Amino acid sequence: MLFTDDDLEMLERLKKPGRHRRGGLFRLSMGMLWDGVRWITGALIERIPGGGRGKRALLWALVIHVIVLIIGAFIVALPGESDLPEIIAEVVTTPVSVDLEMTRLSAVKQLSQARPDASAAAASVIRAETEAVMAAPEVTTDGITPVGIGLGEVGLGFGLGSGAGGGGMTVGKIPATMRGRCIPGERARLLHENGGTPEVEAAVVKSLVWLKDRQNVKLGHWGSQYRAAMTGLALLCYLGHCETTKSPTYGETVAKGLVHLIETAKRNQGRIGNIGNQHWTYEHAIATYALGEALVISRAEGTEIPDLEEVHKRAVQVIIRGQNPDGGWVYGYTGKGSGDLSVTGWQVQALRAAAHAQVDVPGLDAAMRKTRSLIAGRQGPLGGFGYRQTEDKYSLTGVGILGLQLLGNPGKGELQRGFDYFFQGGPFSYNTESCDLYAWYYMTQAAFNQGGKPWETWNAAFRDEILLGQDRDGSWAPEGSGKSDQAGEDSEIYRSCLSTLMLEVYYRYLPATGRIN
């Protein structure tokens, strides 16, 4: 038996009433409990068969189970993650230094995210342009032989057109002729119905990627010699493809370009471009045109771009004040001499974009009416248009036709004579002297606007030639005539932008005359 003689003696004593063990009630109770357990256990063990070996095996089993239960109790009793004490920390704010360049880029990022309320936050920091540009004195250059872009009759040129893009757009706020490329599925339909091909759209996308890589990411401009002109052209390419400040791929690119033009205008009392160069008249008109398109589209998107509307209005006023008495414009906006049709073509497009934007600028309608008379008076006897007088010039024929279309009520006879004269200059090939991108782009706009036979003829002539001229990287190789080199250091960007705008003609604008789409 496991109980000793002493244990049995203790049990006998427990049977006698009135006895108390030393140590108090608690000690007495625990002792009685232990003695009872030992007595009961001993009694049970006595009943186990197998002799002393069986009794010892059972005893060890009991000991092991007790140890396991004790360990389990400790594990359960230990605190878990939910029992961790609460930690209260005091939040201390520290002053942060402001990097002006990072602040300006932050404003551009806000525009690219294009929340309607972002412009308010951007307005206070968008002026943080770190590279200040001093305005050079304006130079009167009327009568000086033109050089660079705008040389002679060539200049920079393209027809009226760009796009409205981005998500969440209120299409009804965009002029009817501009809506096609911004309605889901409509751009593809217009491309197909108007004589385009899948290769056309692929070429446009490749060009936009190439242009993005050529932007000055710090200051937002394109080009080096004619920054305002190249930036305006590039922006028109993006807007023509519905790429706006809301574009997932090009939103920041577009925002930076717009900020550059806006900041340039604010530093120069509304004038945009290198005003120390005689060609800033071209630059100003191109940039004004791009700002006008951006204004129309941003309103439709519900995105307010800080200072855009005010800067655009001031830029339009510069054009109106610089108009010659005969209705045309010349280098430097001097208002003197005979109007230059090449320079005038750009001003017409900028003013037409302002009319689409419905800006409240006194004299806008009157300026366009005066220009209509000047252009009509420049058409020569064979149907072409002259530079500073009435004559027939192949390079300016598209300028004249498009100008008459945009300014309203062109006579069918004068337009048809112009198309007939131009098409006699074919066949047209990108790699020969017959390629004049300036003349081609104006004619692309004019023929598309007219529709019918003129458009069928010209589309068959220019489309595949422009596609063949594109390099693998998305840019355009020098054309056979080399006339785009007159854009100087920026000839590659100039050439690529004109070609891209030509390929976007299928959906940038609905035809304004000649047919119903």
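Residues numbered from 1 in each chain as written. Predicted model: local features only at pLDDT ≥ 70, side-chain atom pairs only at ≥ 80, totals over all residues. Heavy atoms only, no water.

Another point: the confidence of the model for the protein. Per-residue confidence for the protein gives a mean pLDDT of 77, with 66% of residues at or over 70. When pLDDT is averaged over each element of the protein, helix 18 (residues 491–503) comes out on top at 98 and helix 5 (residues 118–123) at the bottom at 34. Confidence over residues 17–22 falls short of pLDDT 50; this stretch has eight contacts with residues more than four positions distant or in other chains. Low pLDDT (under 50) marks residues 114–166, which in the prediction has 185 contacts with non-local residues, meaning those over four places away or in another chain. (pLDDT = per-residue confidence, 0-100. Helix = DSSP H or I, 4+ residues; strand = E, 2+ residues; numbered from the N terminus. Contact = heavy atoms within 4.5 Å.)

What follows covers the packing of helix 14 (residues 394–407) against helix 16 (residues 437–450). Interhelical geometry of helix 14 versus helix 16 gives an angle of 35° and a closest axis separation of 8 Å. The interaxial crossing formed by helix 14 with helix 16 has left-handed handedness. Each of Tyr 394, Ser 395, Leu 396, Thr 397, Gly 398, Val 399, Ile 401, Leu 402, Gln 405 and Leu 406 in helix 14 lies in contact with helix 16, whose residues at this interface are Tyr 438, Ala 439, Trp 440, Tyr 442, Met 443, Gln 445, Ala 446, Asn 449 and Gln 450. The residue inventory of the contact of helix 14 with helix 16, partitioned by class, reads 12 nonpolar, seven polar and no charged. (Axes fitted to C-alpha atoms, helices over the stretch in contact; angles between N-to-C directions. Left-handed = near helix turned anticlockwise from the far one by under 90°. Nonpolar A, V, L, I, M, F, W, Y, C, P; charged D, E, K, R; others polar.)

Let's shift gears to the side chain of His 260. For His 260, the position within the fold is in helix 9 (residues 251–267). Polar contacts involving the side chain of His 260 include one to the main-chain carbonyl oxygen of Leu 219, which spans 3.4 Å. Setting aside its immediate chain neighbours within four residues, His 260 contacts Leu 219, Gly 220, His 221, Arg 227 and Thr 231. (Polar contact = N/O pair within 3.5 Å; in protein donor to acceptor, adjacent residues only side chain to side chain.)

The next thing to look at is the packing of aromatic side chains. Under the counting rule described, the total for this entry stands at 18 aromatic pairs. Note on Tyr 394 and Phe 422: the rings are 4.6 Å apart at their centroids and 5° apart in plane angle, and the pair reads as stacked. One end of the pair, Tyr 394, is in helix 14; the other, Phe 422, is in helix 15 (residues 412–423), and 28 residues separate them in sequence. Relative accessible area serves as the criterion here: at 0%, Phe 422 is assigned to the buried category. When the centroid spacing of 5.4 Å and the interplanar angle of 75° are considered together, the rings of Tyr 438 and Tyr 442 count as edge-to-face. On the criterion of helical spacing, the pair formed by Tyr 438 and Tyr 442 is a turn pair, its members being four residues apart in helix 16. In this structure, Tyr 438 and Tyr 442 share a single accessibility class: buried. Here the aromatic cluster, defined as three or more aromatic residues joined through ring pairs, consists of Tyr 394, Phe 419, Phe 422, Phe 423, Phe 428, Trp 440, Phe 448, Trp 455, Trp 458, Phe 462 and Tyr 506. Positioned above the aromatic ring of Tyr 507, the side-chain terminus of Arg 187 is 5.6 Å from the ring centre. (Phe/Tyr/Trp six-rings, centres within 6.5 Å; stacked < 30°, edge-to-face > 60°. Buried < 20%, exposed > 50% of the residue type's maximum accessible area, 1.4 Å probe, protein only. Lys NZ or Arg CZ within 6 Å of the ring centre and 35° of its normal.)

The end-to-end C-alpha distance of helix 10 (residues 280–301), which contains 22 residues, comes to 31 Å, matching closely the 32 Å that a straight helix rising 1.5 Å per residue would cover. Just past helix 10, the residue Gly 302 takes up positive phi, approximately 80°. (Expected span 1.5 Å × (residues − 1).)

Ranked by size, the top nonpolar core spans 114 residues in total, and within it Leu 233, Leu 351, Trp 440, Trp 458, Phe 462 and Ile 466 carry the most contacts. Here the element with the most residues in this core is helix 10; it accounts for 13 residues. (Core = buried A, V, L, I, M, F, W, Y, C linked by side-chain atoms within 4.5 Å.)

To continue, consider the side chain of Asn 459. For Asn 459, the location among the structural elements is in helix 17 (residues 452–468). We classify Asn 459 as buried; its relative accessible area is 9%. Within the local environment of Asn 459, its side chain forms a polar contact with the backbone oxygen of Gly 195, the two atoms lying 3.2 Å apart. In this structure, Asn 459 is in contact with Asn 194, Gly 195 and Tyr 506, ignoring residues within four places of it in sequence.

Residue Gly 426 is joined to Pro 427 through a cis peptide bond whose omega torsion reads 0°. Along the chain, the position of Pro 427 falls in the loop between helix 15 and helix 16. We note that Tyr 333 has phi near 55°; this positive angle belongs to a residue other than glycine. Tracing the backbone through its elements, the reader meets Tyr 333 in the loop between helix 11 (308–321) and helix 12 (341–357). Using a relative accessible area of 10% as the deciding quantity, one classes Tyr 333 as buried.

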